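Structure assessment
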Amino acid sequence: MRKGFTLIETIIYIALFSLVTSFVMVIFYQMLGGRDQHRNRVEVDGEANFMMQKIVWAMTGATAINSPLVNVTGTLLSVNKFNYGQNPIVFDRGANNLRISKASSTPALLGSGRVFVNEFTVEHLPAIQSAPEGVRITLVVSSADITRPAASTTLKNTIYLR
């Protein structure tokens, strides 16, 4: 009797080993891609929420909505806050980012260079009966990093004057 493997057995073992190794490699690369996509999603969501919270801050205690006009949708939001020395507070979209300026100062970017603001629209809602006037805001933010999987989020919020 001979000891050892025949040629056909060796070929079968190598084929099975190659098949198992290829499955492991595919799963490994999917895990790495999922991690990058998750990181991108968290970054986009975090920056979009930060931008929306800045708008909510400006609207809290606001006494007047200067722009857009009532029943008009625009890409600029200008408000005056009660007892605030740097009125008006203006939000607009510039350089693929959301910008804020106070008292006609130079606009400052609210987001990092790793995200784009694809859409910023503001609809000025009129006061109806006992409900005060307000704004309906749509903010669409996406990832600017083309080396990682794409991520995008859309935030919509309606804020009323108090």
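In this report, we go over the structure that sits alongside the text. Positions within a chain are numbered from 1, following the residues in the order the chain's sequence is written. Two thresholds apply to this predicted model, a pLDDT of at least 70 for residue-level local features and 80 or more for giving and counting side-chain atom pairs, whereas whole-chain, interface and lining totals are computed over all residues. As a rule here, side-chain values cover all heavy atoms of the structure and leave hydrogens and water aside.

1. Examining the side chain of S142
To keep it simple, the criterion reads: Going along the chain from the N terminus, every DSSP run of H or I of four or more residues is numbered as a helix, and every run of E of two or more is numbered as a strand. Only heavy atoms enter the contact rule, under which two residues are in contact if any of them lie within 4.5 Å.
On the secondary structure map, S142 appears in strand β8 (residues 134-143). Beyond its immediate chain neighbours, meaning those up to four positions away, S142 contacts V44, V115, F116, N118, A151 and S152.

2. Things to note about the sheet that holds β8
The condition is simple: Strands were regarded as paired on the criterion that DSSP finds at least two bridges between them. The axes are straight lines fitted to the C-alpha atoms, using for helices just the contacting stretch, and the angles between their N-to-C directions are given from 0 to 180°.
The four strands are arranged β2-β7-β8-β9 in an open sheet whose pairing can be described as antiparallel. Looking at the sheet topology across the chains shown, the edges are occupied by β2 (73-74) and β9 (152-160). Across the face of the sheet, helix α1 (residues 7-59) comes into contact with β7 (115-125), β8 and β9 while running at roughly 15° to β9.

3. Overview of the packing of aromatic side chains
Remark: the centre distance and the inter-plane angle together describe each pair of aromatic rings, the angle taken between the planes. This is how it is decided: Two rings from Phe, Tyr or Trp (for Trp, the six-membered ring) form a pair when their centres are within 6.5 Å of each other. A pair whose planes differ by under 30 degrees is stacked, one over 60 is edge-to-face, and the rest are tilted. To sort residues, take the accessible area from a 1.4 Å probe on protein chains only and compare it with the maximum for the residue type: under 20% means buried, over 50% means exposed, and anything in between is partly exposed. Charge-over-ring contacts are defined here by two conditions on Lys NZ or Arg CZ: a distance within 6 Å of the ring centre and an angle within 35 degrees of the ring normal.
Counting across every chain of the model gives two aromatic pairs. For the pair F28 and Y29, a centre-to-centre distance of 5.7 Å together with 65° between the ring planes defines the contact as edge-to-face. Residues W57 and Y84 carry aromatic rings whose centres are separated by 5.9 Å and whose planes lie at 80° to one another, so their mutual orientation is edge-to-face. Of the two residues, W57 sits in helix α1 while Y84 sits in the loop between β3 (76-81) and β4 (89-94), which places them 27 residues apart along the sequence. According to the relative accessible area criterion, W57 is partly exposed, its value standing at 32%. Classification of Y84 by relative accessible area gives partly exposed; the value is 23%. One cation-aromatic arrangement involves K54 over W57; the distance from NZ or CZ to the ring centre is 5.6 Å. A cation sits over an aromatic face here: K81 above W57, 4.5 Å from the ring centre.

4. Describing the nonpolar core
For the record, the criterion: What we call a nonpolar core is a set of buried Ala, Val, Leu, Ile, Met, Phe, Trp, Tyr and Cys residues that are connected through their side-chain atoms within 4.5 Å.
Counting 28 residues, the largest nonpolar core has I55, M59, L77, F91, F120 and I137 as its most contacted members. If you list the elements that add at least two residues to this core, you get α1, β1 (62-67), β3, β4, β5 (97-102), β7, β8 and β9. The leading source of residues in this core is α1, at seven residues. Look past the residues within four positions of I55 in its chain and what remains in contact with it is L77, F91, L98, F120, I137 and I159.

Functional significance is not addressed by these values, which are geometric in nature.
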